[in-house]
Every structure is written in C-alpha cells, then in structure tokens.
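Structural overview
In case you want the letters, here they are:
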Amino acid sequence: LTVKGTIRMGRSTRFVGCVSIKNTSDEAKYVSGKIEDAELDVSGEVGLGALKPTVVKSGPISGQKPGTSGLRKKTKEFVSENYLNNFVQSVFDAVIAGGTNVSEGTLVVGGDGRYYNDKAIQ
C-alpha cells in the first residue's frame, strides 16, 4: 500500500494486493470498500471540505430520547427516515442553547462500530 497526500479511510476499507492512492489536492479525500490491485488518483474527486448545511422538513418522532448510553433502538428504527438527523439536530440545538458556539471546532462522533457509523457520520 502506497498513499501520497491526505486520504481518509472508513472501517470497511480493505486493501488487497498492490494498491497505490494519490491525492495532490489540498483537500482530504475519502476511500472506502474493497480496493484490489489498483492505482487511484483521487485528486479530482469530491473531497471532505467544509460541511454545507441542508434543510430537511421533519418533526418530532415518538419515543425518541437519549438514554445514558445514547440512542438504543433497533436498527430498523434507527435507520428510518430522519431518525438520526433529528437526534443530531437536537444535540446541536441543546449545545447552542447552552451558549456554545458550534460554528467552529471539531465534532466527535462515536459508536461501537458494528453497524451504520460510516453512514451516520456523513
């Protein structure tokens, strides 16, 4: 494996054989999945630049509330439309209401890594 430039990889990223990845841009790039015997130049790909907010119409979801260990729900419910989005937005709303400026800084997202984290952090 040869990596040149800033590359981010997900937990599911697997390299098989001879793999070379190049990024000559100033912006981090993301690779995932199985990459086998390949030479990739991701310099022109969409990068992991600044987040761009989007507006999604939604409303309260019955029974959605965090416990001492975060959101403990069955996978089917957790991946349903707007479930995770609503929870993340409520966290931001609470942090802002507490007086914290969230326009700058780092957001740390955690989980046990078994399922859905890669999609959730996007």
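Here's a quick rundown of the structure. (Residues numbered from 1 in each chain as written. Predicted model: local features only at pLDDT ≥ 70, side-chain atom pairs only at ≥ 80, totals over all residues. Heavy atoms only, no water.)

Let's talk about the nonpolar core
What counts, and what does not: Remark: nonpolar core denotes a set of buried residues (Ala, Val, Leu, Ile, Met, Phe, Trp, Tyr, Cys) joined through side-chain atoms within 4.5 Å. Each residue is assigned to one of three classes by its accessible area relative to the maximum for its type, calculated with a 1.4 Å probe on protein chains only: buried under 20%, partly exposed between the two thresholds, exposed over 50%. Secondary structure elements follow DSSP: runs of H or I no shorter than four residues count as helices, runs of E no shorter than two count as strands, and numbering proceeds from the N terminus. Note on contacts: a residue pair qualifies if any of its non-hydrogen atoms lie within 4.5 Å across the two residues.
Ile 7, Val 19, Ile 21, Val 31, Ile 35, Ala 38 and Val 42 form the largest nonpolar core, which has seven residues in total. When contributions to this core are tallied by element, the ones reaching two or more residues are β3 (14-22) and β5 (34-41). Non-local contacts of Val 31, meaning those with residues more than four positions away in its chain, are made with Ile 7, Arg 8, Met 9, Gly 10, Thr 13, Ile 21 and Val 42.

Digging into the sheet that holds strand β1 (residues 2-4)
Spelled out, the test is: Pairing between strands requires that DSSP locate at least two bridges from one strand to the other. All axes here are fitted lines through C-alpha atoms, helices being fitted over the stretch that makes contact, and every angle between N-to-C directions spans 0 to 180 degrees.
Strand order in the open sheet formed by three strands is β1-β3-β5, with parallel pairing between adjacent strands. The open sheet has two free edges, formed respectively by β1 and β5, since each of these has just one partner strand. The sheet shows a mean angle of 20° between the axes of neighbouring strands, direction not considered.

As for helix α2 (residues 83-97)
This is how the line gets drawn: Helix span is expected to be 1.5 Å times the residue number reduced by one. What the arc measures is the spread of directions leading from the helix axis to the C-beta atoms.
Taking 1.5 Å of rise per residue, 15 residues should cover 21 Å, and α2 covers 21 Å from first to last C-alpha, within 8% of that figure. Among the residues of α2, those classed as buried are Tyr 83, Leu 84, Asn 86 and Phe 87. All buried residues of α2 project into a common sector of 165° when viewed along the axis, lining one side. Residues of α2 that are buried make contact with α1 (75-78) and α3 (117-120). Just downstream of α2, Gly 99 is the residue with a positive phi angle, here 95°.

Section: the side chain of Asn 82
Its place among the elements puts Asn 82 in the loop between α1 and α2. In contact with Asn 82, not counting residues within four places along its chain, are Val 56, Lys 57, Ser 58 and Ile 61.

Notes on unusual backbone geometry
Despite not being glycine, Asp 37 shows a phi value in the positive range, around 40°. Looking at the secondary structure, you find Asp 37 in strand β5. The backbone of Asn 82 sits at a positive phi, close to 70°, despite the residue not being glycine. Overall, Asn 82 belongs to the buried group, its relative accessible area being 15%.

Observations concerning the pattern of salt bridges
The line we're drawing: Salt bridges are defined as contacts in which a side-chain nitrogen from Lys or Arg sits within 4 Å of a carboxyl oxygen from Asp or Glu.
Under the criterion given, the structure shown has two salt bridges. One salt bridge in this structure joins Asp 41 and Lys 22, with 3.8 Å as the shortest N-O distance. Of this pair, Asp 41 sits in strand β5 while Lys 22 sits in strand β3; the two residues are 19 residues apart in sequence, bridging distant segments of the chain. The partly exposed category is assigned to Asp 41, whose relative accessible area is 46%. Among the ionic pairs, Glu 36 bridges to Lys 34, the shortest N-O distance being 3.5 Å. A relative accessible area of 59% means that Lys 34 is categorised as exposed.

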